[in-house]
Amino acid sequence: MLVSHRLILRAVARADIVARQRHGWHRDIERNYGHAVETRPMTDDEARAWYEGVVARRSATYWVIEAEGELAGVSFLHSLSHADRRARFAIGMFAPEFLGRGLGAEATRLVLGHAFDALALHRVDLRVLAFNTAAIASYRSCGFVEEGREREGCWLDGGWHDDLVMGALEDEFRQ
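(A) Representation of the overall build of the protein chain in the model. When helices and strands are counted, the protein chain shows 6 helices and 8 strands. For 175 residues, the compact-globule formula gives about 16 Å, and the C-alpha radius of gyration of the protein chain, at 16 Å, lands near that figure. Considering only C-alpha atoms, the protein chain reaches an extent of 45 × 40 × 30 Å along its principal axes. In the protein chain, which comprises 175 residues, the proportion classed as buried is 47%. Pairs at least 24 apart in sequence give 59% of the contacts found in the protein chain among residues at least 6 apart. Carbon and sulfur atoms make up 52% of the accessible area of the protein chain, which totals about 9,000 Å². For the protein chain, the distance from the average position of its 22 positive side-chain charges to the average position of its 26 negative side-chain charges is 1 Å.

(B) Region of interest: the packing of aromatic side chains. Summed over all chains, the structure comprises 7 aromatic pairs. Ring centres 5.0 Å apart and planes at 65° place the aromatic pair Trp155 and Trp160 in the edge-to-face group. Note on Trp160: relative accessible area 48%, which makes it partly exposed. These aromatic residues form a ring-pair network of at least three members: Phe89, Tyr139 and Phe144. Its end group placed over the ring of Phe94, Arg20 keeps NZ or CZ at 4.1 Å from the ring centre.

(C) Looking closely at helix H1 (residues 16–23). Of the residues making up H1, those classed as buried are Asp16, Ile17, Ala19, Arg20 and His23. Viewed end-on, H1 has its buried residues packed into an arc of 165°, placing them on one side of the element. Projecting away from the buried face of H1 at angles above 90 degrees are the exposed residues Val18 and Arg22. Looking at the buried residues of H1, the elements they touch are strand S2 (7–10), helix H2 (27–32), helix H3 (44–57), strand S3 (62–67) and strand S4 (70–81). Looking one or two residues beyond H1, the residue adopting positive phi is Gly24, at roughly 65°.

(D) Representation of the pairing of S2 in the model. Where strand S1 (residues 2–3) and S2 come together, 2 bridges link them in antiparallel fashion. Looking at S2, one finds that Leu2 is bridged to Leu9. Hairpin geometry of S1 and S2 is characterised by an intervening segment of 3 residues between the two adjacent antiparallel strands. Sheet topology places S2 next to S3; 4 bridges connect them, and they run antiparallel.

Reading guide: rules and limits
- Residues numbered from 1 in each chain as written.
- Predicted model: local features only at pLDDT ≥ 70, side-chain atom pairs only at ≥ 80, totals over all residues.
- Heavy atoms only, no water.
- Helix = DSSP H or I, 4+ residues; strand = E, 2+ residues; numbered from the N terminus.
- Rg over C-alpha atoms; globule rule 2.2 N^0.38 Å.
- Buried < 20%, exposed > 50% of the residue type's maximum accessible area, 1.4 Å probe, protein only.
- Contact = heavy atoms within 4.5 Å.
- Areas by Shrake-Rupley, 256 points an atom, 1.4 Å probe, with all protein chains shown as cover.
- Lys, Arg positive; Asp, Glu negative; His and termini not counted.
- Charge placed at Lys NZ, Arg CZ, Asp CG, Glu CD.
- Phe/Tyr/Trp six-rings, centres within 6.5 Å; stacked < 30°, edge-to-face > 60°.
- Lys NZ or Arg CZ within 6 Å of the ring centre and 35° of its normal.
- Arc of directions from axis to C-beta.
- Pairing = 2+ DSSP bridges.

Quick look at the structure:
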């Protein structure tokens, strides 16, 4: 469990199925993750599938984000390599009310602190769609630096979109 003054990052619980379903799907949020999903309620089957997917990935590096007592999103490190002391970071918020309040940046800093301290990683990187300017600004505020661009790596809404590769290094994060 990782804790800040507004957030708790914790393991998923069965009760999170209902909380996740309550938020439903939001087109603009899902589009930023590269998914073509219309704004609509989440079905029972989708909510259960979300939970089962999280449980299947459950590890010490996968957290649900609880903000002010409400399930707000998920965050995780994946592609972990202890030999290279690196991992890839991902985060996703579930509903518009959790955006624009600095919650994602706060969660990102918690995970980076865990990555560099508890896991002794040297590098954490991520991929973000180049049009997702709010996320890019948030990542920069947490110490990520743009390292490259994968051109036309995502087909979405009838067009190709670039991915940015961003990275944070242990010594830079500590500064």
